[in-house]
Amino acid sequence: RVENVLNSMAAAAGSNMRFGGIVLGADAIGEGREKFEEVVDGFFGAGASAHLLIRSAPSNLAATVTTVEELERRRESFAAGSYVLLTSAKDWWHDKNAPSSKYFTSALLEALRKPLASRPSWFEPTTSAIAIHVVRGGIKRNSGGFINNGFYLDLIERIRKSNVEDADVHLWSSVQGDSHGEKAEHEKDFATFTLKGMRVHLDESALLDTWAHMMRANVLIMSESPLSYVPAVLNPNCVIYAGKVARPFDAWMSGTEVIRRPASDDKFKKCLAHGLPKFTVPAKFCKLKVCNFHAEDAPRLFVQEHGDGAGHRMKNIIDGMATAYKNKMNFGGTVPVGNIVTEHGHNFRTLADGFFGAGATASLFIKPSPEFAKQYNNVPELEQHRDEFKPGQMVFMASANGWADIRESKPSDYYSKEVVELLQGPIWSRPLPFFDGRRPSVALHLRRGDLKRDDARATKNEYYYTLLDHIKHQWPEADVHAWSSLNSYSAEVEAGTFHWKNEDFDGFRERGVTVHLDGLSLLEPWVHMARADVFIMSVSSFSFVPATLNPHCVIYCGNLDRPFSHWINGLVQVKRSAESEPLSKCLARRATRDSAAGGGGGG
């Protein structure tokens with residue numbers, strides 16, 4: 001319906017006429033009309049339906065025409081101020097030689113965009129936004145409107161390889177209208193997109209919010225559907241269509257054509273250049289406050305981005321920052337890997353922007369990498385040669401986790417109060433939606449999904465049960481939350497291989513623990529773990545990252561190389577007794593914090 005309204009407005013504009021309104025059909029009366037009025041008011045602006053929707057055609061019609069071609073042919077015969085009824089505007093494109101802008105004029109499009117532009121956005125504000133519409137609900141796999149996942153995945157891969165690795169990709173679709181079996185099959189399809197770092201919205205957002213995002217996306221990938229066509233008409237950026245479109249706009253591109261052409265194709269580059277933000281010159285080194293601890297001319301240390309999970313990637317970055325601080329260097333940045341999606345399917349650029357602050361990745365990931373004056377294999381080797389560095393030199397060391405091997409140094413020599421407070425800043429500004437601020441908060445990380453059941457790093461549930469019993473002995477009212485995952489590596493998930501089941505966490509639920517499995521955001525668990533009154537770690541880099549930021553009570557699992565001074569050993573210092581002195585002192589850190597901060601729970 002909205003497509004027909006837009007085409008009719010365009011037909012009026014192309015014939016230098018005013019648009020009189022929409023004559024409602026019989027199917028638009030009653031409940032159907034009320035729903036359409038809501039859409040019209042949201043799309044065209046509050047109260048628009050009262051002006052646009054007309055119950056019956058005027059009695060003094062000068063003419064009734066059935067096509068846009070007929071309207072244009074008879075246009076000169078219409079007297080000023082006369083009323084003309086156009087029964088269908090679907091052929092507005094009948095003149096193949098006329099540009100689409102003859103009908104969808106810039107003035108018309110600008111007016112149409114305003115109401116949707118006022119709606120909130122879920123896109124990351126500092127990265128390129130890509131919106132995809134995929135038709136699934138209610139259609140069969142062998143039907144004409146069904147377009148395989150591979151089409152969309154190929155397009156995203158092509159776009160990401162065009163120097164848009166950090167794109168924030170959102171996909172909208174529906175499984176409504178599916179049978180039970182079809183719904184399960186389609187939902188399994190969408191797991192593939194999630195594992196490629198895309199945010200999937202299934203029947204979860206209002207139509208107008210969906211259109212608003214598709215309209216404002218830097219790149220919109222359409223489906224073969226009117227639901228895609230409406231926001232595509234309004235999108236001023238790069239629009240790529242799927243299947244057949246009767247009259248694509250002049251600047252739109254065929255997705256099939258994009259895939260077939262080489263990545264260097266000028267038309268594709270022109271489309272992306274038209275849609276993507278005009279970024280500043282890439283940074284030569286990190287300029288974030290958390291990267292610059294010393295004089296501007298201090299040597300700069302760069303590390304390599306790891307290509308695996310989010311925890312290991314982030315740990316190497318903050319280890320690099322800490323190593324730079326200890327050695328009176330500034331942190332130059334991270335040399336990126338080609339794949340911004342972690343091996344568990346999360347967009348690491350989006351996560352890093354949340355962790356370090358909006359827009360941080362533009363300064364943190366350095367591409368192209370600078371010419372390095374010196375390169376080292378590990379932290380001990382770098383520190384051995386530190387006195388040789390000249391002011392301003394660029395130094396590369398792929399991995400920074402070797403700081404823990406320097407036994408004569410303390411963890412606080414690296415993770416100083418200044419470093420930790422700078423890292424805490426963005427995390428402390430985010431909300432804590434799960435903690436009850438009136439009670440002491442306990443966060444657990446249970447490493448499960450990527451480990452087989454007999455892996456020694458999959459610490460037994462009984463260990464955690466004992467710790468929780470000891471903590472609740474002193475804090476019976478504690479608010480306990482556990483974060484874990486059933487999903488293994490992306491390849492295993494796509495193959496349907498899972499080592500753990502939901503029921504494996506029932507023992508925690510029976511003990512009053514709120515269990516969070518496979519949430520969309522990795523930042524959310526980190527925020528809660530970093531600010532919990534007690535954080536119980538697993539054997540995992542994913543635990544280490546928030547533990548470095550947590551100033552309260554941190555309990556590690558016995559075999560950590562270099563625990564911080566206020567962390568305690570769960571296997572040795574806690575597990576044996578609920579009255580252990582280390583645990584009591586650790587829990588007392590909350591009381592100290594409360595008296596200094598004026599109370600409040602959750603950290």
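Look a little higher up for the structure.
Residues numbered from 1 in each chain as written. Predicted model: local features only at pLDDT ≥ 70, side-chain atom pairs only at ≥ 80, totals over all residues. Heavy atoms only, no water.

## Remarks on the packing of aromatic side chains
- Enumeration over the complete set of coordinates arrives at 30 aromatic pairs.
- Here the aromatic rings of W92 and F249 are separated by 6.1 Å at their centres, their planes lie at 75°, and the arrangement is edge-to-face. With a gap of 157 residues between them, W92 in the loop between β4 (83-86) and α5 (106-117) and F249 in the loop between β9 (238-241) and β10 (253-254) connect regions that are remote in the sequence. The exposure classification of W92 matches that of F249, with both residues buried.
- Members of the aromatic cluster, joined through ring pairs, are W92, Y103, F104, Y229, F249 and W252.
- Lying over the aromatic face of F285, K287 brings its terminal NZ or CZ to 5.7 Å of the ring centre. (Phe/Tyr/Trp six-rings, centres within 6.5 Å; stacked < 30°, edge-to-face > 60°. Helix = DSSP H or I, 4+ residues; strand = E, 2+ residues; numbered from the N terminus. Buried < 20%, exposed > 50% of the residue type's maximum accessible area, 1.4 Å probe, protein only. Lys NZ or Arg CZ within 6 Å of the ring centre and 35° of its normal.)

## Considering the state of the cysteines
- For the structure shown, the criterion picks out three disulfides.
- Two residues share a disulfide in this structure: C286 and C291, whose sulfurs sit 2.2 Å from each other. On the S-S bond that ties C286 to C291, the torsion sits near 65°, and the link is right-handed.
- By relative accessible area, C291 is classed as buried at 0%.
- The partner cysteine of C553 in its disulfide is C586, sulfur to sulfur 2.0 Å. The sign of the S-S torsion, about 110°, decides the handedness of the disulfide formed by C553 and C586: right-handed. Pair noted here: C553 is in strand β19 (residues 553-556) and C586 is in helix α24 (residues 581-597), with a separation of 33 residues, a long-range link.
- Residue classification places C553 among the buried residues on the basis of a relative accessible area of 0%.
- Residue class for C586 comes out buried when judged on its relative accessible area of 3%.
- Each disulfide of the protein chain joins two cysteines, and with those cysteines numbered along the sequence the arrangement is 1-2, 3-4, 5-6. (Disulfide = S-S within 2.5 Å.)

## Topic: the pattern of salt bridges
- Following the criterion strictly, the structure yields 19 salt bridges and no others.
- As a salt-bridge pair, E421 and K417 come within 2.6 Å of each other at their nearest N and O atoms. Here the residue E421 and the residue K417 both occupy positions in helix α17 (residues 417-428), the gap between them amounting to four residues, near one helical turn.
- Note on E421: relative accessible area 43%, which makes it partly exposed.
- Relative accessible area serves as the criterion here: at 62%, K417 is assigned to the exposed category.
- Taken together, the salt bridges that share partners define one network made up of D436, R438, R439 and D479. (Salt bridge = Lys/Arg side-chain N within 4 Å of Asp/Glu carboxyl O.)

## So, the layout of surface pockets
- Taken as a whole, the second largest pocket holds about 980 Å³ of empty space.
- In this structure, the second largest pocket is lined by 35 residues; those nearest its centre are F19, G20, G21, V84 and L86.
- Secondary-structure elements contributing two or more residues to the lining of the second largest pocket are α1 (2-14), β1 (22-23) and β4.
- Sort the elements by how many residues they give to the lining of the second largest pocket and α1 lands first, with five residues.
- A class-by-class count of the residues in the lining of the second largest pocket yields 22 nonpolar, nine polar and four charged. (1 Å grid on protein atoms, 1.4 Å probe; cavity = no way out; pocket = protein on both sides within 12 Å on 5 of 7 lines; lining within 4 Å. Points joined across faces, edges and corners; volume = space filled by probe spheres on them. Nonpolar A, V, L, I, M, F, W, Y, C, P; charged D, E, K, R; others polar.)

## Some points on the sheet that holds β10
- Spatial strand order, β7-β6-β5-β8-β9-β10: six strands in an open sheet with parallel pairing. With partners counted over all chains shown, the strands left at the sheet margins are β7 (199-202) and β10, one partner each.
- As defined by bridge partners, β9 adjoins β10 across two bridges and the pair is classed as parallel. Counterpart to Y241 in the pairing with β10 is S254.
- In this fold helix α11 (residues 266-275) packs onto β8 (219-221), β9 and β10, with an angle of close to 130° to the strand it touches most, β9. (Pairing = 2+ DSSP bridges. Contact = heavy atoms within 4.5 Å. Axes fitted to C-alpha atoms, helices over the stretch in contact; angles between N-to-C directions.)

## Observations concerning the packing of α5 against helix α8 (residues 207-216)
- Where α5 contacts α8, the two axes come as close as 9 Å, and the packing angle between them is 125°. By the angle between their axes, α5 is oblique relative to α8. The hand of the α5/α8 crossing is left-handed. Contact residues: R113, L116 and A117 in α5; L208, W211, A212, M215 and R216 in α8.
- Broken down by class, the residue content of the contact of α5 with α8 amounts to six nonpolar, no polar and two charged. (Parallel < 35°, antiparallel > 145°, perpendicular 65-115°, else oblique. Left-handed = near helix turned anticlockwise from the far one by under 90°.)

## Things to note about helix α22 (residues 541-549)
- Of all nine residues making up α22, eight are buried, and the element is well covered by its neighbours.
- Every buried residue of α22 is accounted for by F542, S543, F544, V545, P546, A547, T548 and L549.
- Capping the start of α22 is the job of one residue whose side-chain oxygen sits 2.9 Å from the backbone nitrogen of F542: S540. (Polar contact = N/O pair within 3.5 Å; in protein donor to acceptor, adjacent residues only side chain to side chain.)

## A few points about unusual backbone geometry
- Here the residue pair K367 and P368 is connected by a cis peptide bond, since its omega of 0° sits within 30 degrees of zero.
- Even without glycine at this site, K328 takes up a positive phi of about 55°.
- Topologically, K328 is positioned in the loop between α12 (310-326) and β12 (330-335).

## Quick word on the side chain of T459
- With respect to the helices and strands, T459 occurs in the loop between β15 (441-445) and α18 (461-474).
- Exposure remark for T459: the relative accessible area of 10% places this residue in the buried category.
- Residues in contact with T459, not counting those within four places in the same chain, are R448, Y464, V539 and C557.

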